[in-house]
Amino acid sequence: MTDEPGQPTAAAPRPWTAPLATGPVHSAIRLPGSKSMTARALVLSALAAEPSRIERPLRARDTSLMAAALRALGATVDTTSDDTWTVEPGPLRGPAHIDVGLAGTVMRFAPPVAALADGTVTFDGDPHARNRPLGPILAALRALGADLDASPTGGLPLTVRGRGQVDGGEAVIDASASSQFVSGLLLSAPRFAKGLVLRHEGPPVPSAPHLRMTTHMLRAAGATVDDSVPDVWTVEPGSLRGRTWTIEPDLSGAAPFFAAALVTGGAVTLAGWPQESWQPVGRVTELFTALGARVEQNADGLTVRGTGTVRGVNADLSEVSELTPVVAALAALADGPSQLRGVAHIRGHETDRIAALARELTKLGAHVVEHPDGLDVSPGPLRPALFETYADHRMAHAAAVVGLAVEGVHLSDVACTSKTLPEFPELWAGLVARS
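Residues numbered from 1 in each chain as written. Predicted model: local features only at pLDDT ≥ 70, side-chain atom pairs only at ≥ 80, totals over all residues. Heavy atoms only, no water.

**As for the overall build of the protein**
- Across its full length, the protein holds twelve helices and 25 strands.
- Radius of gyration (C-alpha) of the protein: 21 Å, near the 22 Å computed for a compact globule of 435 residues.
- Summarising its shape, the C-alpha atoms of the protein cover approximately 60 × 60 × 45 Å along the three principal directions.
- Of the contacts formed within the protein by residues at least 6 apart in sequence, a portion of 73% connects residues at least 24 apart.
- When the accessible area of the protein is evaluated, it comes to approximately 16500 Å², of which 51% is carbon and sulfur surface. (Helix = DSSP H or I, 4+ residues; strand = E, 2+ residues; numbered from the N terminus. Rg over C-alpha atoms; globule rule 2.2 N^0.38 Å. Contact = heavy atoms within 4.5 Å. Areas by Shrake-Rupley, 256 points an atom, 1.4 Å probe, with all protein chains shown as cover.)

Structure, rendered in structure tokens:
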């Protein structure tokens, strides 16, 4: 089959059958590094005055696209080793073209860097990337002195005409659609001539732990950051230091594996978990405890134990919105109804996750009511179905979790998990095989 003579279409991905657990899973897993930390470390390293090392990075589509973006802008980023990447800063310059894929980090973190470059930089990505919100950060960049053109909808495709510097100063932004709007500006702000005073005006900014990660990492690179006033961030102009970044295991990526312990009544340990973390481990612990798990941390790592019974929850997920698909899947397997709120912004993620979860969980037999900022999920007799993943890694995770307890759950495309964890199908199958 072809679109045009001699032009074959890409073959549709083959459905992947989620493995059914036959007993409790007991496993210690080692996961690659945090996507969020890896992306921030790459940007800060490219903007620093000296070379940097990134130890235990995540090698996945999103982080590979970020590394490629920074290379295109003039940094030397060596990712040949799986264990340690090196970044050698260089003069930022165009012309360049940046493929953002479907990565929110690339489309929000790289344009401020491009505004610092000398030359024209264009951006585009996967078809759905053009639907992801970008307007607020672009408006703020214009207010700070950047010269850029966006599509008629205010997003991709994008052209940034870098002049070698950004004036900086004060800007107001509505970051209620994504905390990445704030993080993207803060990461480049030390290089702005006047630094940055950024004020958020609008509904609450979601994913506050990601903002804390940004400010922690900026300070670790030598930046002076004041976030003592709610919804105001001040970054002084100055030089960033090169350093060694040690990336923590990805807590969001661990969520489906923790869910497997909960569903099967087993135990899963995330090995290599640090005693002190920049990720929202406290909020994740509270959430999984409410769902019926026991969570403990010791020298072996972070362990989640289940009883085989999942409890329904009434949860505000605004600080851990990346977990919404997995939590919704758990809610479909729970002993009672759940209310999940505080995640209106995930409608602008890789897909409209609220609508997609409502559609696919209903298809499986759960009773789901969609709200502007979340879902009501009531368990029902679940049945086999083809679960559409919408090119969204978190949707694939949700389907795999339901498939632990429901035979015949088929994922339309498991390969989309390569966005953040290319090894997911093998890791998941291995985990379930040990049940």
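Having put the structure on the table, let's press on.
**Quick word on the packing of helix H1 (residues 35–47) against helix H6 (residues 208–220)**
- Following both chains from N to C, one finds H1 and H6 inclined at 35°, their axes separated by 11 Å at the closest point. When the axes of H1 and H6 are compared, the crossing they make is right-handed. Contacts between H1 and H6 pair Ser36, Met37, Arg40, Ala41 and Leu44 from the former with His210, Met213, Thr214, Met217 and Leu218 from the latter.
- Residue classes in the contact of H1 with H6 are distributed as six nonpolar, three polar and one charged. (Axes fitted to C-alpha atoms, helices over the stretch in contact; angles between N-to-C directions. Left-handed = near helix turned anticlockwise from the far one by under 90°. Nonpolar A, V, L, I, M, F, W, Y, C, P; charged D, E, K, R; others polar.)

**Some details on the sheet that holds strand E4 (residues 26–29)**
- Pairing within the open sheet is mixed, and its four strands lie in the order E4-E17-E19-E18. On the outer flanks of this sheet lie E4 and strand E18 (294–298), each paired with one strand and no other. Within this sheet the neighbouring strands show an average axis-to-axis angle of 15°, counted without direction.
- Where strand E17 (residues 267–271) and strand E19 (residues 301–305) come together, five bridges link them in antiparallel fashion. Bridging from a neighbouring strand, Val268 pairs with Val304 of E19.
- Helix-sheet contacts for helix H7 (residues 251–264) involve E4, E17 and E19, and the interaxial angle to E17 is about 160°. (Pairing = 2+ DSSP bridges.)

**Re the pairing of strand E22 (residues 367–371)**
- The sheet contact formed by E22 and strand E23 (residues 374–378) spans five bridges and is antiparallel. Residue pairing across strands places Val369 opposite Asp376, the latter belonging to E23.
- Here E22 folds back onto E23 in antiparallel fashion, the turn holding two residues.

**A short note on the packing of aromatic side chains**
- Tallied over the entire structure, the rule returns four aromatic pairs.
- Here Phe258 and Phe288 contribute two aromatic rings whose centre-to-centre distance is 6.0 Å and whose plane-to-plane angle is 80°, an arrangement assigned as edge-to-face. Separated by 30 residues along the polypeptide, Phe258 in helix H7 and Phe288 in helix H8 (residues 281–290) bring together distant segments of the chain.
- Given the relative accessible area of 1%, Phe288 is considered buried. (Phe/Tyr/Trp six-rings, centres within 6.5 Å; stacked < 30°, edge-to-face > 60°. Buried < 20%, exposed > 50% of the residue type's maximum accessible area, 1.4 Å probe, protein only.)

**Some thoughts on the sheet that holds E22**
- Across the sheet, four strands lie side by side as E20-E21-E23-E22; this open sheet has mixed pairing. With partners counted over all chains shown, the strands left at the sheet margins are strand E20 (314–316) and E22, one partner each. Each neighbouring strand pair of the sheet contributes to a mean axis angle of 10°, computed without reference to strand direction.
- Strands in contact with helix H9 (residues 324–332) are strand E21 (338–341) and E23; relative to E23, the strand with the most contacts, it is inclined by about 25°.
- Seen against the sheet, helix H10 (residues 353–364) touches E22 and E23 and runs at an angle of roughly 165° to E22.

In short, shape yes, function no, at least from these values alone.
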